[in-house]
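Tertiary structure, described
Spelled out from the first residue to the last, the chains are:
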Amino acid sequence: MKRKLADIAAMCGGQVANADDNNLIIHGVITDSRHIQQGCLFVPLSGERFDGHAFVADSLASGAGAALWERAKGNPPGPAVLVDNALEAMQLLAKSYLAAVGAKVVGITGSNGKTTTKDLLFALLATTYKVHKTSGNYNNHIGMPLTILDMPEDTEIAVLEMGMSGRYEIEFLSKLAEPEAAIVTNIGESHLEQLGSRLEIARAKLEILSGMKTGGLFIYIGDEPLITEVLADPNTPKPEQLHTLTFGVNGNHDIYPSGIMFLEHGTMFTPNVGETPLELPLLGEHNVVNCLAALAVARHYGVTEANMKEGLKHAELTGMRIEIIEGANGVTILNDAYNASPTSVRAAVNVLNKMKGYRNKIAVLGDMLELGEDEVQFHQEVGEYLTTENTDLLFTYGRLGKEIAVGAKKHLAPDNIYAYDDKSELIHKLISVLHPKDVVLVKASRGMKLEEVVEAVKHSKLHQ
Ligand SMILES: CC(=O)N[C@H]1[C@@H](OP(=O)(O)OP(=O)(O)OC[C@H]2O[C@@H](n3ccc(=O)[nH]c3=O)[C@H](O)[C@@H]2O)O[C@H](CO)[C@@H](O)[C@@H]1O[C@H](C)C(=O)N[C@@H](C)C(=O)N[C@H](CCC(=O)N[C@@H](CCC[C@@H](N)C(=O)O)C(=O)O)C(=O)O
Ligand SMILES: Nc1ncnc2c1ncn2[C@@H]1O[C@H](COP(=O)(O)OP(=O)(O)OP(=O)(O)O)[C@@H](O)[C@H]1O
Ligand SMILES: C[C@@H](N)C(=O)N[C@H](C)C(=O)O
């Protein structure tokens, strides 16, 4: 975003203070004083550890053109826009800027697959339009506004990931961004602790309808009865003249794959709505499902089949989502360490199941967080999902990971199950049994930071 200081004040309902020149041109919005860019607007947010106001003077000294400043904090230390609440002002600024740019918005939510689907949709649309997308996982009440404020002035379509861990968070995001099209990827168990039930998760996800434009397009996974139930509920806020499309792997959806071939480093399939076989640079049937949702939106915006095929070839995917890493030591790693829930762990194990020609299939699984009171049962059920078909050796990490080991005893021999509370001990034992022809799946919730295991395995010298 590039605007005059006075215009920024008008856009966010603030007042300019301490400025020599109200027409000072501001480039971009930054919330971290450690990453100031010359001429930016510094926005002081209050978080769990800091109040950003403490860094306003430093930010201005480092080159920020101006800062938002909450009136309750007294006099600003330099050029500022006075507001009541910096975060709310930043959100309002984002909404105003989005309206000025006039980009069409596609909102993406769901328990799993938001980031992957966002990356795939960007790849498809970018063959035909000027597209902006959420970077990384910037999908909440701070990240999405920052994504919008980072959007180039000539953006035609903005693909915005909308995350939540409580009710009405997606309603807020949807009403801020006013999507013309929206995707719900699935209803899993993520953040069940806060929502209490999968029905509540479905209700939270379908809040994305509440801000949609009239005549908008809602695309959702057709296999999920909870979505169908909430969509049919007359109390679910939705726009006038809403169009809907369903996607899924079996045939009774609007868009489905008419054939899936699992390759070594990707997946090939032909969507029922096209003639052209598409090659997806991702493993797993679940990623074919994600791609179907993206294809539905791309078709809606007139992207040709040839461009879709080309777009997928060049898709830039966010790492740590079943990312294939070929270690120098010959070990193949499936780095799925970004996050985990029962649904996503099963999806990853299904990938392991289809991998052939490896000496050992090794699963390194850790705690799945925020699952609520049934967390032990969820972990044991994941353990029971492991069989000698999909897993030769199981390593678990964490208090709840131990429960995966308990469940795994249903099908795996006890000698093939190793449970650890200490990550370095797990790594030491894992490396001692690794062989160049092994494949290792690494997966747990974000809070478990299992990427440390990935790094260790990637760089280890094997003993065998
Ligand atoms: C506010 C903020 O951005 N904080 C980030 C910061 O945290 P930190 O611990 O450093 O400090 P504070 O938050 O207390 O700092 C307040 C501000 O002060 C700034 N500051 C600090 C020190 C300093 O020297 N100078 C400064 O200017 C600071 O920059 C703050 O602005 O850094 C952390 C590490 O990088 C960040 O993790 C933290 O980010 C918070 C958590 C955040 O929400 N960031 C968003 C931009 C974002 O989108 N992050 C996503 C993750 C989003 C997410 O978890 N989504 C959920 C679903 C939604 C759940 C929702 N209920 C929620 O609350 O998020 C999901 O499941 O996907 C990301 O980073 O991936
Ligand atoms: N459709 C799906 N069904 C099940 N698991 C999925 C699906 N899509 C992605 N996953 C898995 O879910 C995890 C998160 O993927 P991704 O980051 O794309 O989703 P997300 O919704 O953005 O996640 P988060 O809410 O944790 O940020 C990864 O392990 C990925 O392999
Ligand atoms: C990414 C973050 N919002 C998240 O999903 N948290 C998981 C449950 C974790 O903390 O590991």
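Residues numbered from 1 in each chain as written. Chains lettered and ligands numbered in written order. Predicted model: local features only at pLDDT ≥ 70, side-chain atom pairs only at ≥ 80, totals over all residues. Heavy atoms only, no water.

Under an unreviewed UniProt entry, the name given to the protein is UDP-N-acetylmuramoyl-tripeptide--D-alanyl-D-alanine ligase, and the source organism is Paenibacillus lutimineralis. Check the Function (unreviewed entry) section of the UniProt entry for the protein; it says "Involved in cell wall formation. Catalyzes the final step in the synthesis of UDP-N-acetylmuramoyl-pentapeptide, the precursor of murein." (UniProt positions renumbered as here; feature names shortened; annotations may be inferred.)

Quick look at the sheet that holds strand 4 (residues 29-30) now. Ordered in space as 2-7-6-5-4, the five strands form an open sheet in which the pairing is mixed. The two strands at the open ends of the sheet, each matched to only one other strand, are strand 2 (15-17) and strand 4. Here strand 2 pairs with strand 7 (residues 80-83) via three bridges, running antiparallel. Considered in strand 7, the bridge of V16 is made with V81. On the sheet, helix 1 (residues 5-12) packs against strand 2, strand 5 (41-42), strand 6 (66-70) and strand 7 and is oriented at approximately 15° with respect to strand 7. Against the sheet, helix 3 (residues 86-101) touches strand 4, strand 5, strand 6 and strand 7, its axis set at about 125° to strand 6. (Pairing = 2+ DSSP bridges. Helix = DSSP H or I, 4+ residues; strand = E, 2+ residues; numbered from the N terminus. Contact = heavy atoms within 4.5 Å. Axes fitted to C-alpha atoms, helices over the stretch in contact; angles between N-to-C directions.)

Within the structure, ligand 1 sits among 24 residues, and R49, F50, N139, N140 and S165 are positioned closest to it. With respect to ligand 1, the side chain of N137 contributes an N or O atom lying 3.1 Å from an oxygen atom. Coverage of ligand 1 by the protein amounts to 69% of the 1,200 Å² it exposes when considered alone. For the shell around ligand 1, the residue count by class is seven nonpolar, twelve polar and five charged. (Near = heavy atom within 4 Å. Polar contact = N/O pair within 3.5 Å; in protein donor to acceptor, adjacent residues only side chain to side chain. Areas by Shrake-Rupley, 256 points an atom, 1.4 Å probe, with all protein chains shown as cover. Nonpolar A, V, L, I, M, F, W, Y, C, P; charged D, E, K, R; others polar.)

What follows covers the side chain of K118. Position of K118 among the secondary structure elements: in helix 4 (residues 114-125). Given the relative accessible area of 0%, K118 is considered buried. Leaving out residues up to four positions away in the same chain, K118 has contacts with I108, K133, T134, S135, G136, V159, E161 and T318. (Buried < 20%, exposed > 50% of the residue type's maximum accessible area, 1.4 Å probe, protein only.)

For the rest of this paragraph, the subject is the packing of aromatic side chains. All told, the structure shown has five aromatic pairs when counted by the stated rule. A ring pair is formed by F50 and F55, whose centres lie 5.7 Å apart and whose planes are at 70°; its orientation type is edge-to-face. Put simply, the rings of F395, Y418 and Y420 pair up and form one aromatic cluster. When the ring centre of Y168 is taken as origin, the NZ or CZ atom of R167, which lies over that ring, is 4.6 Å away. (Phe/Tyr/Trp six-rings, centres within 6.5 Å; stacked < 30°, edge-to-face > 60°. Lys NZ or Arg CZ within 6 Å of the ring centre and 35° of its normal.)

Residues in close proximity to ligand 2 total 19 residues, the closest being K114, T116, D336, N339 and K443. For ligand 2, an oxygen atom lies 2.8 Å from a polar atom in the side chain of N137. One nitrogen or oxygen atom from the side chain of R321 is found 2.7 Å from an oxygen atom belonging to ligand 2. A total of 620 Å² of accessible area belongs to ligand 2 in isolation, and the protein chains cover 93% of it. Residue composition of the shell around ligand 2, by class: two nonpolar, twelve polar and five charged. In this structure, the shell around ligand 2 is formed jointly by two domains, domain 2 (102-313) and domain 3 (323-459), each of which donates at least three residues. (Domains from an automatic or database assignment.)

The UniProt record annotates "binding site: ATP" (unreviewed entry) at G110, S111, N112, G113, K114, T115 and T116. Position of S111 relative to the elements: it lies in the loop between strand 8 (104-109) and helix 4. In this structure, T115 is in contact with G136, N137, E161, T318 and R321, ignoring residues within four places of it in sequence.

It is worth spelling out the pattern of salt bridges at this point. Scanning all chains against the criterion turns up 22 salt bridges. For R167, the salt bridge identified is with E200, shortest N-O distance 3.0 Å. On the criterion of sequence distance, the pair formed by R167 in the loop between strand 10 (157-161) and helix 6 (169-177) and E200 in helix 8 (residues 198-205) is long-range, its members being 33 residues apart. By relative accessible area, E200 is classed as buried at 19%. A salt bridge links K213 to E178; the nearest nitrogen and oxygen atoms lie 3.7 Å apart. With K213 in the loop between helix 8 and strand 12 (217-221) and E178 in the loop between helix 6 and strand 11 (181-184), this residue pair connects regions lying 35 residues apart in the sequence. Under the relative-accessibility criterion, E178 is labelled partly exposed at 33%. Several salt bridges converge on common partners, so that one network encompasses R167, E200, R203 and E207. (Salt bridge = Lys/Arg side-chain N within 4 Å of Asp/Glu carboxyl O.)

A word on the environment of L278. Among the structural elements, L278 can be located in strand 16 (residues 278-280). The sequence separation of L278 and I260 amounts to 18 residues, and the corresponding C-alpha distance is 9.7 Å. Apart from residues no more than four positions distant in its own chain, L278 is found in contact with T267, M268, F269, P271, L295, M308, K309 and L312.

Spatial strand order, 9-10-8-11-12-13: six strands in an open sheet with parallel pairing. Sheet topology places strand 9 (131-133) and strand 13 (243-247) at the edges, where each strand pairs with a single neighbour. If you compare each strand with its neighbour and ignore which way they point, the axes differ by 15° on average. Pairing of strand 9 with strand 10, which is carried by three bridges, proceeds in the parallel orientation. Within strand 10, the position partnered with H132 by the bridge is A158.

Tracing the sequence through the fold places S210 in the loop between helix 8 and strand 12. With relative accessibility at 21%, the residue S210 sits in the partly exposed group. Separated by 40 residues in sequence, S210 and I170 have C-alpha atoms that sit 8.8 Å apart. Once residues within four sequence positions are removed from consideration, S210 is found in contact with E171, S174, K175 and P237. A polar contact is formed between the side chain of S210 and the backbone oxygen of E207, at a distance of 2.6 Å.

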